[in-house]
Amino acid sequence: MSVDFKKFFGPGNDITPTRVGPDFQLILDNFMSGIQQRQIGFLPRSSQGRLWWYGFAPTPRQQRETLAILDSWIGPTFSDLPRQRGALNPTDPFDAVLANASVKPLRFEVLPRRTADSEEWIHARSQVRDALLVLTRLLNGRPPSEFDAPRTTVEVLDDLGHAIAARDRTVALVCLRELEATADLDQANLAFLRLRLFAGLEDWKAVLADRDLDHVLAMRRPLSVTQVIQQAAYARWFAPYDAAGKEEELLGAVTALPTAFRPLFSGTPRTSRAQAVVEFLIEVENDAGDDTLNRLLDEAGTIEPGLPAHLRNVLHLHREQSPQHTAPSELSAPENQFDSSSESPLERATGLMARGELQAAIELVLTLEPSLHAAYLLLTCARDLQSPQQAALALEYISTHHLQGLIDGASARLRDDLAWLEQFTQAGPRLDWRTWLDALDGDHGSAALAAGPEITDGWTPLSSSALTAWLHDASDETLGKLGELGGQFMAAHRDIFTEDGAAELSERILAGLALSGKNSAGVRVQTQALLDYLLSANPASAVFASALEWTELIVSANVSAVTTTWAIDILQAATATSAAVTSPATIELFYKITDTVRPFKSALNPTDLEAIKLIAGELGAGVPEDLLADQVQDADPGAPYRYLQDSKVVLYSLTESATTRAAQILRILVPKIDIETSAEHDGSSKLAAQAANADVFVVVTASAKHAATDFIAAKRGARPVVLVNSRGSSAILRELAEG
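Bear in mind that the values here come from a model prediction, so they are computed numbers and not experimental data.

J.: So, the packing of helix 7 (residues 153–165) against helix 31 (residues 521–536): which residues are in play, and what are the values?
T.: One way to put it is that helix 7 packs onto helix 31 with a least axis distance of 8 Å and a crossing angle of 25 degrees. With respect to helix 31, the axis of helix 7 lies roughly parallel. The chirality of how helix 7 crosses helix 31 is left-handed. Together, Asp159, His162, Ala163 and Ala165 of helix 7 and Ala521, Gly522, Val523, Val525, Gln526 and Tyr533 of helix 31 make up the contact between the two elements. Class assignment of the residues belonging to the contact of helix 7 with helix 31 gives a composition of six nonpolar, three polar and one charged.

J.: So what about helix 32 (residues 541–558)? Which residues, and what values?
T.: With 18 residues, helix 32 ought to run about 26 Å at 1.5 Å a step, and its terminal C-alpha atoms sit 26 Å apart, in line with that. Of all the residues in helix 32, the buried ones are Val543, Phe544, Ala547, Leu548, Trp550, Thr551, Glu552, Ile554, Val555 and Asn558.

J.: For the sheet that holds strand 1 (residues 41–47), give the residues involved together with the corresponding values.
T.: Strand pairing within a sheet occurs via backbone hydrogen bonds; the two strands may be parallel or antiparallel. An order of 1-2-3 is seen for the three strands of this open sheet, with the pairing classed as antiparallel. Every interior strand has two partners, whereas the edge strands, strand 1 and strand 3 (106–109), have only one. Averaged over all adjacent pairs, the angle separating strand axes in this sheet is 25 degrees, with direction ignored. Pairing analysis gives four bridges linking strand 2 (residues 50–56) to strand 3, with the strands arranged antiparallel. For Tyr54, the partnering residue across the bridge sits in strand 3 and is Arg107. Relative to the sheet, helix 2 (residues 22–36) contacts strand 1 and strand 2, its axis offset from that of strand 1 by approximately 125 degrees. This element, helix 3 (residues 60–73), spans strand 1 and strand 3 of the sheet and lies at about 20 degrees to strand 3.

J.: Explain unusual backbone geometry to me, and be specific about the residues and the numbers.
T.: Put simply, Leu111 and Pro112 share a cis peptide bond, and its omega is 0 degrees. One can find Pro112 in the loop between strand 3 and helix 6 (120–141). Its identity as a non-glycine residue notwithstanding, Arg38 has a phi of 60 degrees, on the positive side. Positionally, Arg38 belongs in the loop between helix 2 and strand 1. Here the phi dihedral of Asp646 falls at roughly 65 degrees; this positive angle occurs in a residue that is not glycine. Counting through the fold element by element, Asp646 comes out in the loop between helix 37 (625–629) and strand 4 (648–652).

J.: I'd love a proper account of the pairing of strand 4, names of residues and values included.
T.: Regular strands place their side chains on alternate faces of the sheet. Within strand 4, five of the five residues are buried, which leaves it mostly tucked inside the rest of the structure. Where burial is concerned, the two faces of strand 4 agree: the one with Lys648, Val650 and Tyr652 and the one with Val649 and Leu651 are both buried. The handedness of the strand 4 to strand 5 (residues 674–678) crossover, carried by helix 38 (residues 656–669), is right-handed. Pairing between strand 4 and strand 6 (residues 696–700): four bridges, direction parallel. Its bridge partner lying in strand 6, Val649 is registered against Val696.

J.: With reference to specific residues and values, describe the packing of helix 14 (residues 273–285) against helix 15 (residues 290–303).
T.: One way to put it is that helix 14 packs onto helix 15 with a least axis distance of 10 Å and a crossing angle of 165 degrees. Comparing the axis directions of helix 14 and helix 15 gives the class roughly antiparallel. Two packed elements cross with a definite hand, and for helix 14 against helix 15 that hand is left-handed. On helix 15, the residues touching Arg273, Ala276, Glu279, Phe280, Glu283 and Val284 of helix 14 are Thr292, Leu293, Leu296, Leu297, Ala300 and Ile303. Class assignment for the residues of the contact of helix 14 with helix 15 results in eight nonpolar, one polar and three charged.

J.: Lay out the packing of aromatic side chains in plain terms, naming residues and giving numbers.
T.: For the structure on display, the rule yields 13 aromatic pairs. Between Phe8 and Tyr54 the ring centres are 5.4 Å apart and the planes differ by 85 degrees, which places this aromatic pair in the edge-to-face class. Taken as a pair, Phe8 in helix 1 (residues 5–8) and Tyr54 in strand 2 lie far apart in primary sequence, 46 residues in all. Taking the relative accessible area as the measure of exposure, Phe8 reaches 3% and is therefore buried.

J.: Can you lay out the sheet that holds strand 7 (residues 722–724) for me, pointing to particular residues and giving the numbers?
T.: Strand order in the open sheet made by the four strands is 5-4-6-7, with parallel pairing throughout. Edge strands, defined here as strands with exactly one partner in the open sheet, are strand 5 and strand 7. Strand after strand, the sheet turns through a mean of 20 degrees between neighbouring axes, direction not considered. Relative to the sheet, helix 38 contacts strand 4, strand 5 and strand 6, its axis offset from that of strand 5 by approximately 175 degrees.

J.: Describe the pairing of strand 1, and please don't skip the residues or the numbers.
T.: Judged by how many residues are buried, strand 1 sits mostly within the fold: seven of seven residues are covered. Neither face of strand 1 is left uncovered, since the one carrying Gly41, Leu43, Arg45 and Ser47 and the one carrying Phe42, Pro44 and Ser46 both have all their residues buried. Where strand 1 and strand 2 come together, seven bridges link them in antiparallel fashion. In the sheet register, Pro44 faces strand 2, and the bridge partner there is Trp53. Between strand 1 and strand 2, which pair antiparallel one after the other, the connecting turn spans two residues, and Gln48 there sits at a positive phi close to 55 degrees.

J.: Talk me through the pattern of salt bridges; I want residue IDs and the actual numbers.
T.: Pairs may arise between side chains of opposite charge once their charged atoms sit close together. Taken as a whole, this structure holds 33 salt bridges when the rule is applied. Note that Glu109 is salt-bridged to Arg50, the shortest N-O span being 2.8 Å. Residue Glu109 is located in strand 3, and its partner Arg50 is located in strand 2; the two are separated by 59 residues in the primary sequence. On the basis of relative accessibility, which here comes to 2%, the residue Glu109 falls in the buried class. A salt bridge links Arg383 to Asp416; the shortest N-O distance between them is 2.7 Å. Within this pair, whereas Arg383 is found in helix 19 (residues 372–385), its partner Asp416 is found in helix 22 (residues 412–424), the two being separated by 33 residues in sequence. By relative accessible area, Arg383 is classed as buried at 19%. Here the residues in one salt-bridge network are Glu180, Arg194, Asp210, Arg211 and Asp212, joined through shared partners.

The rules behind each value
- Within any chain, residue numbers begin from 1 and follow the written order of that chain's sequence.
- Totals for whole chains, interfaces and linings use every residue, but because this is a predicted model, local features are given only for residues with pLDDT of at least 70 and side-chain atom pairs only at 80 or more, for both listing and counting.
- Each side-chain value is derived from all of the structure's non-hydrogen atoms; neither hydrogens nor water enter the calculation.
- An axis is simply a line fitted to the C-alpha atoms; with a helix, the fit covers only the stretch in contact. Between two such axes, the angle follows the N-to-C directions and lies from 0 to 180 degrees.
- Labels follow the DSSP assignment, with helices taken as runs of H or I lasting at least four residues and strands as runs of E lasting at least two, numbered in each case from the N terminus.
- Here roughly perpendicular refers to angles of 65 to 115 degrees, roughly parallel to angles under 35, roughly antiparallel to angles over 145, and oblique to all remaining angles.
- Helix crossings are classified by the rotation of the near helix relative to the far one: an anticlockwise turn of less than a right angle makes the crossing left-handed, while a clockwise turn makes it right-handed.
- Here a residue-residue contact requires only that any non-hydrogen atoms of the pair lie within 4.5 Å.
- The residue classification treats Ala, Val, Leu, Ile, Met, Phe, Trp, Tyr, Cys and Pro as nonpolar and Asp, Glu, Lys and Arg as charged. All others, Gly included, are polar.
- Every helix has an expected span of 1.5 Å times one less than the residues it contains.
- Exposed residues in this analysis have more than 50% of their type's maximum accessible area, buried residues have under 20%, and partly exposed residues fall in between, with area computed by a 1.4 Å probe over protein chains only.
- Two strands qualify as a pair provided that DSSP identifies no fewer than 2 bridges between them.
- By the criterion used throughout, a crossover qualifies as right-handed when its path from the first strand across the helix to the second strand runs clockwise, the strands pointing away from the viewer.
- Note on aromatic pairs: the rings of Phe, Tyr and Trp (six-membered ring only in Trp) are paired at centre separations within 6.5 Å, and the planes decide the class, stacked below 30 degrees, edge-to-face beyond 60, tilted for the rest.
- Salt bridges are identified by distance alone: a Lys or Arg side-chain nitrogen within 4 Å of an Asp or Glu carboxyl oxygen.

The quantities given are spatial measurements derived from coordinates; they are silent on function.
Next up, the structure:
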């Protein structure tokens, strides 16, 4: 925060700090010193016998909090705060300069004004000055609030999981920066975490643009990170041709794959089309043997029935274009790896490991005579493969043949790999999401609950039926624990909650968040997302009413002077369906949320108030008078959006509550705006027309598939697309207000 004090006490201000009494001069010095140190401070201005105080706060959040506190501290007795709400006067040249600040100062006039027949104004000015002096001492001298206090790594990771599950890029990046600043994680682990985050947001361009990607590709990395990079490579080089069945172009794309990506093997059975295509194409380009290619084709068949034929056509094209290679007549008959090579078995196992054939390499080594080289192959392959079964076989081989002594006398890396293998195979229940849920329901399983993303990323998500059964049977206590710790769990199972008919699952998670009583950014973004999922699934009336009751509890635990807009967003989402208008639970939620935000009414912005009035009109409810009384009489809530007048604007999101509400408010604030909402799937002619014809096109990336975003961007050409990285109508309006 930078304030030009010389200019503030210049023209337009009759106060000169060097000409006031010593006591007042000391107060001014303290205020200016605090402002320079990015603390809250106040400066007086006198002109034509009137006195104003200007409040300076370093951040918008602190500005809003200060306004709320001033309501109680100064109030209507000595100020115009109830009417002006701290707003600057745009017609006053003195204020016009201050309005250019990144955080506009608050302004209020001290009342009553100076008169010749009364001395009340003298008392008022003294009272206000003393009150501001005490107020700043309390605000600047208080210990850090819970909101600002450093959080534990576990708490931040939990919020990060919720943010990824809700596809809220803004909150996710805040969590990541918090981890980079405070968590005890080395650069490699931070890079892994960053790549997982981008993958959770399906931002494959960000994965490939990551500053540490080259280092990650060159180092030993977790299997989940390798799979993330494979997915990104598929999206960048292969997906368009693969989806279109363009096999020749697909083969040509392999040549464009940078060298650093060529050893991109997972060594494990492929589970997605992207993994299968990437690894197969790399092996084709490397002229891998038929045993390897046949195995990959077999795995591809378990992923999608038509995929093996598609890949086999690519292979035939490659061999036709490579005359030196004689294509075998049948790919389905792998050659005998033990008899057809002149290599020794140990050399053959080494070759298998180099080509990413980790499981085959382990199986071959287990048949060989024990040696340090064999131990090296087993340890390396087992650690990269991270298969409990293969790891157990490797450790048994090393123990049976007494190879520990050889390993202890070898390199530090082998000793480290052996220590990892012993820990990985130690006795105890295998950790997975099932044991994690069981641990929530009992006193055992602390190891599962303590598992970080580097471990949980390797766990297979539960099926929809298994998750449904668990949530149905879970007690309130267990649900509360899930609400307290479930960020990573929700990130891993997000897709289940977006399925049709999953409204009851969302209601159960909302119950967990409510029962936990947790207050965090992660809980807030997750609540918004779950409401979107629930409303999109056409819930039964009982489920809808129950969800609103839990939501009300979450709002009560999370509302503050800096989260009132989020609370109004929740209200807007919950009331944005036709079913909501006829449900008694909706109007109960309306009154409870407006009551909940009432203590923080100063923090409500003009669009929040417009939303409350809009919803009240739909529900036939009355708006609390004190909320509207706080609306600045002379303020123009539509001013930030005036540039949209006479423009055609399209708001795009797959969940329509936020775009519906944002469009309704914009129609009120900008009468001549031509605005549409869209939830079309990518590739539709309607979406293409909207993208081509709109003056302004907004995409809520937190609720849009990347294919649709790319489709819209392609249709827009050189014209920009406004990307909104968070859910809720306020996020849309905030982006548009910034132009």
